[in-house]
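# Summary of structural features
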Amino acid sequence: MSQENRFQVNLAGMIDILSNHLYSDQNVYVRELLQNGTDAIRARRLWDADFDAGEIEVALLQDKATGSKTLCFADNGIGLTADEIEVFLATIASSSKGEKNFGDSAEQSFIGRFGIGLLSCFVVTTEIRLITHSAKTGTVLEWRGNGDGTYAINELPLSERPEVGTTVYLSYQNDIATTDFAELHENLREYLFQYGACLEVPIYLLDGRKRLWINERSNGVGSLADLHALSRAQVLQLGRSLLGDDMRLQDYFILSNETGNTFAVAYVIPFAVSTHARRLHRAYLNRMFVSDEVEAVMPEWAFFTQTVIWTQELQPVASREAFYHNEALERVSQALGASLKQQIKAMPEKQLQRLLNTHYLAFKALACEDRDLLQFIYPHLSFRTLNGEETLQTLLSQSDVIYYTHSVDEFRQIADVVRAQQVPLVNGGYAYDAPILKRLNEVLGREVFKLFQAEDVEFAFQPLFAEEERAFATLLSGLNTRMAAYQVQVVLNYFSPHNIPMLYISSQQTQAERELERVAEASNDLFGDILGSLQAEEESVPLAQLYLNFHNEVVQSVFCSGKSEATIASVVEVLYVQALLMGHYPLKQDEVKLMNQGLLQIIKAMK
Ligand SMILES: Nc1ncnc2c1ncn2[C@@H]1O[C@H](COP(=O)(O)OP(=O)(O)OP(=O)(O)O)[C@@H](O)[C@H]1O
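From a predicted model like this one, the values you see are computed outputs, not experimental measurements. (Residues numbered from 1 in each chain as written. Predicted model: local features only at pLDDT ≥ 70, side-chain atom pairs only at ≥ 80, totals over all residues.)

### Here's the deal with the overall build of the chain
When you go through the chain residue by residue, the secondary structure sums to 20 helices and 21 strands. Expected size for 607 residues packed as a compact globule is a radius of gyration near 25 Å; at 38 Å, the chain overshoots this value by more than 25%. Its C-alpha atoms give the chain principal-axis dimensions of roughly 120 × 60 × 60 Å. Looking at the 607 residues of the chain, the share that counts as buried comes to 34%. Counting contacts in the chain only where the partners sit at least 6 residues apart, residues at least 24 apart contribute 66% of the total. (Helix = DSSP H or I, 4+ residues; strand = E, 2+ residues; numbered from the N terminus. Rg over C-alpha atoms; globule rule 2.2 N^0.38 Å. Buried ≥ 20, exposed ≤ 12 C-beta atoms within 10 Å, placed from the backbone. Contact = placed C-beta atoms within 7 Å.)

This is the structure in structure tokens:
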């Protein structure tokens, strides 16, 4: 026979889970109390259109005799009636503030939602004492909730709380209870600012006889209009007070989505940051601080900004320390990204240049993916050229066709020779440069940027005269037989500049083959064999070229010296190794030997 049973709920266990294991920080009780006080004031305003005051007053008291410390958290919000206490305070997960889903609720002005926040107070106390004067009934009630899951309600005389509103008393327990009073007071001030900086309700902390106005400087901001009303200096000041004084902020963008339900200030980080840096943003939900580690709320490419976001539409997780990664978050991130791009496009020239100078890598990364943005910023992007660093604007004003290399090494190999031909050449070997130039051809609708490979440098060479060819034919063929062991062909011709004696040019395939051979030499037998088997068949690898410049004095005097082929070969071998070193190619073992032998040979020939 089946029998229907009910689950038993262990209330003390539930409270322990919610209060001790839901939140990552034990100070969230400050946030929950701020949130309840603010919601109660907002509820009172909705209930009574004439009520325009509203404030939260916090005090830390210490019992002189016992040293025990008590937190008093008072608001002049709507208060609670006896029925409301039963439904909302005494029932876990019951809230007076509407639907649990943020975006779906018609009433979006409240911060609370889940009906569990007050339980976080049990992290720092064993009993919550709440005295409330309801605006609706005028009754004054005391509610005492215990961490063991029990509670008691008493009616109190009006004199106990003559003003409408609620005061929560927490008598500190655990390690907080033993914290020094001044330190606890300072911590409290810090947490009140962290969580409540953007709340519209003034928050005061009693400090002896003084009342510290916690959110005085920052409480103006809760809407896009508030933000636009601030001066530039005020927006920068806001950034410093929310993100930290050490940020040295100079520029910012005010962003928003179409509805205006999410808006932000994206502060430009004043120094270059890695494109892979994890950029964390600070977010407020209905003006209440959520986290300063929110990631997905801005697109990844916006890593050069540190953003403060205010939203009314994102769904917080129950701990309220993050947002759900759902479609709404995706939409917000896209909209803020689009808004940022639009603003970058509208920037005055000088400011844009400054931004690009600081974050050129970020913008190059961005321009690689975003044709629109590339079209807009390309004149300001700068590249390494034969003349140092130049912007595309300058380059394009000087030439209709601009060449670029794929790698830094290639650029290095041919730079001097290409410079002598007065051909514009960009070093496309740095991050994003070659892909950007390739993409720019599409954007500009014609092939302005042409890839230049090392082999293409041949255009700068002039052959020997016919009689010179004949005179050196035998010598060259002898030299080439000797150099065949190094997979290089010696070619004698004329090129500029004259002071360069030789130029070593190899294709990427030849370079890859050299590298394999070099690593195989340095490895143990087994690994060397494996690498050996990876090497291509000898015939299939094109030979590298060692061009010797007959304009050059050294080359000319060696070839016309009348010395033996062996002596001339020694000089050519030394020139070959020198060319490898100048091109930053690591030497193979036999090349190191070659250098030494060549020098010895030359010394002998001089005797
Ligand atoms: N200072 C207060 N004034 C008036 N009502 C209050 C006050 N504090 C708490 N309440 C009532 O107690 C209920 C429960 O509060 P609790 O902080 O546990 O949850 P919540 O604020 O509704 O939601 P959340 O868990 O999202 O914070 C609230 O919905 C509200 O009705």
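Having seen the structure, we can now continue with the description.
### Some words on the domain arrangement of the chain
With domains assigned, the chain is organised as domain 1 (3-213), domain 2 (224-344), domain 3 (351-456) and domain 4 (461-507 + 542-606). In this assembly, ten residues from domain 2 lie in contact with nine residues from domain 3. Residues belonging to the side of domain 2 that touches domain 3 are distributed by class as follows: seven nonpolar, one polar and two charged. (Domains from an automatic or database assignment. Nonpolar A, V, L, I, M, F, W, Y, C, P; charged D, E, K, R; others polar.)

### A closer look at helix α10 (residues 360-369)
Within the sequence span of α10, burial applies to Ala-362, Phe-363, Lys-364, Ala-365, Leu-366 and Ala-367. Packed against the buried residues of α10 are α9 (349-358), α11 (371-377) and α14 (433-444).

### Topic: the site of the ligand
Around the ligand sit 23 residues in total, of which Ala-40, Ser-95, Ser-96, Gly-112 and Gly-117 are the nearest. Counting only elements with at least two residues in the shell around the ligand, the list comes to α2 (28-47) and α3 (82-89). Of the residues forming the shell around the ligand, the biggest block, five residues, is contributed by α2. In terms of residue class, the shell around the ligand is made up of eight nonpolar, eleven polar and four charged. (Near = placed C-beta within 6 Å.)

### Digging into the sheet that holds strand β6 (residues 165-171)
Pairing between the strands of a sheet is mediated by backbone hydrogen bonds and can be parallel or antiparallel. Taking strand neighbours across the sheet as the criterion, the eight strands line up as β5-β4-β3-β6-β2-β1-β7-β8 in an open arrangement whose pairing is mixed. Lying at the two open borders of the sheet, with one neighbouring strand each, are β5 (151-156) and β8 (210-213). Strand-to-strand twist in this sheet, taken as the mean axis angle between neighbours without regard to direction, amounts to 20 degrees. Strand direction decides the pairing type here: strand β4 (residues 140-146) and β5, joined by six bridges, are antiparallel. Bridge pairing links Glu-142 to Asn-154 in β5. Across the face of the sheet, α2 comes into contact with β1 (56-62), β2 (69-75), β6 and β7 (203-207) while running at roughly 25 degrees to β2. (Pairing = 2+ DSSP bridges. Axes fitted to C-alpha atoms, helices over the stretch in contact; angles between N-to-C directions.)

### A word on the pairing of β7
As paired strands, β1 and β7 are joined by three bridges and run parallel to one another. Bridge pairing links Val-58 to Leu-205 in β7. Inspection of the sheet shows β7 paired to β8 by four bridges, in the antiparallel sense. Within β8, the residue paired with Tyr-204 across the bridge is Trp-213. The antiparallel pairing of β7 with β8 creates a hairpin that spans two residues between the two strands, and Gly-208 there sits at a positive phi of about 65 degrees.

### Points about the nonpolar core
If you look at the biggest cluster of nonpolar residues, it comprises 138 residues, and the most contacted ones within it are Cys-121, Ala-264, Ala-266, Tyr-284 and Tyr-576. Beyond its immediate chain neighbours, meaning those up to four positions away, Tyr-284 contacts Cys-198, Phe-289, Val-290, Ile-309 and Trp-310. (Core = buried A, V, L, I, M, F, W, Y, C linked by C-beta atoms within 7 Å.)

### Let's talk about the sheet that holds strand β10 (residues 262-268)
On the basis of which strands lie adjacent, the open sheet formed by five strands has the order β9-β10-β13-β11-β12 and mixed pairing. The open sheet has two edge strands, β9 (252-256) and β12 (288-294), and neither has a second partner. Strand-to-strand twist of the sheet, defined as the mean angle between neighbouring strand axes without regard to direction, takes the value 15 degrees. Across four bridges, the pairing between strand β11 (residues 281-285) and strand β13 (residues 305-311) is parallel. From the neighbouring strand, Ala-283 faces β13, where its bridge partner is Ile-309. In this fold helix α8 (residues 327-345) packs onto β9, β10 and β13, with an angle of close to 135 degrees to the strand it touches most, β9.

### Here we look at the pairing of strand β16 (residues 402-405)
Residue alternation in β16 divides its side chains into two sets, Ile-402 and Tyr-404 and Tyr-403 and Thr-405, and both sets are buried. In this sheet, strand β17 (residues 425-427) lies alongside β16 in parallel orientation, the contact comprising three bridges. In the strand pairing of β17, Tyr-403 is matched with Leu-425. As for the winding sense of the linkage, the β-α-β connection from β16 through helix α13 (residues 408-420) to β17 is right-handed. (Right-handed = clockwise from strand over helix to strand, strands pointing away.)

### Observations regarding the packing of α2 against helix α5 (residues 181-196)
With their axes 9 Å apart at the nearest point, α2 and α5 run at an angle of 55 degrees to one another. Viewed along their axes, α2 and α5 adopt a mutual orientation that is oblique. Handedness of the α2/α5 crossing: right-handed. Listed contacts from α5 to Val-30, Arg-31 and Leu-34 of α2 are Tyr-191, Leu-192, Tyr-195 and Gly-196. For the contact of α2 with α5, the per-class residue count stands at five nonpolar, one polar and one charged. (Parallel < 35°, antiparallel > 145°, perpendicular 65-115°, else oblique. Left-handed = near helix turned anticlockwise from the far one by under 90°.)

### Quick look at the packing of α10 against α14
The contact between α10 and α14 brings their axes to 9 Å, and the two run at 40 degrees. Of the possible angle classes, the one that applies to α10 and α14 is oblique. Handedness of the crossing formed by α10 with α14: left-handed. Contacts from Lys-364, Ala-367 and Cys-368 in α10 reach Pro-435, Ile-436 and Arg-439 in α14. When the residues that make up the contact of α10 with α14 are grouped by side-chain class, the tally is four nonpolar, no polar and two charged.

### Quick notes on unusual backbone geometry
Trans is the common state for peptide bonds, and a negative phi is the common state for residues other than glycine. With omega at -5 degrees, the peptide bond leading from Ser-496 into Pro-497 counts as cis. Topologically, Pro-497 is positioned in the loop between β19 (488-493) and β20 (502-505). For Tyr-432, which is not glycine, the phi torsion reads 75 degrees and is therefore positive. Following the sequence through the fold, Tyr-432 ends up in the loop between β17 and α14.

### So, the environment of Gly-117
For Gly-117, the position within the fold is in the loop between α3 and β3 (127-133). When the 24 C-beta atoms within 10 Å are taken as the criterion, Gly-117 is described as buried. Taking the C-alpha atoms as reference, Gly-117 lies 9.0 Å from Ala-318; in sequence the two are 201 residues apart. The residues contacting Gly-117, other than those within four sequence positions of it, are Glu-32, Gln-35, Asn-36 and Gly-112.

### Re the confidence of the model for the chain
Confidence along the chain averages 88 in pLDDT terms, with 94% of residues attaining 70 or more. The low-confidence segment residues 102-107 (pLDDT under 50) makes twelve contacts with residues lying over four places distant or belonging to another chain. Under the prediction, the complex receives an ipTM of 0.97, its pTM being 0.74. (pLDDT = per-residue confidence, 0-100.)

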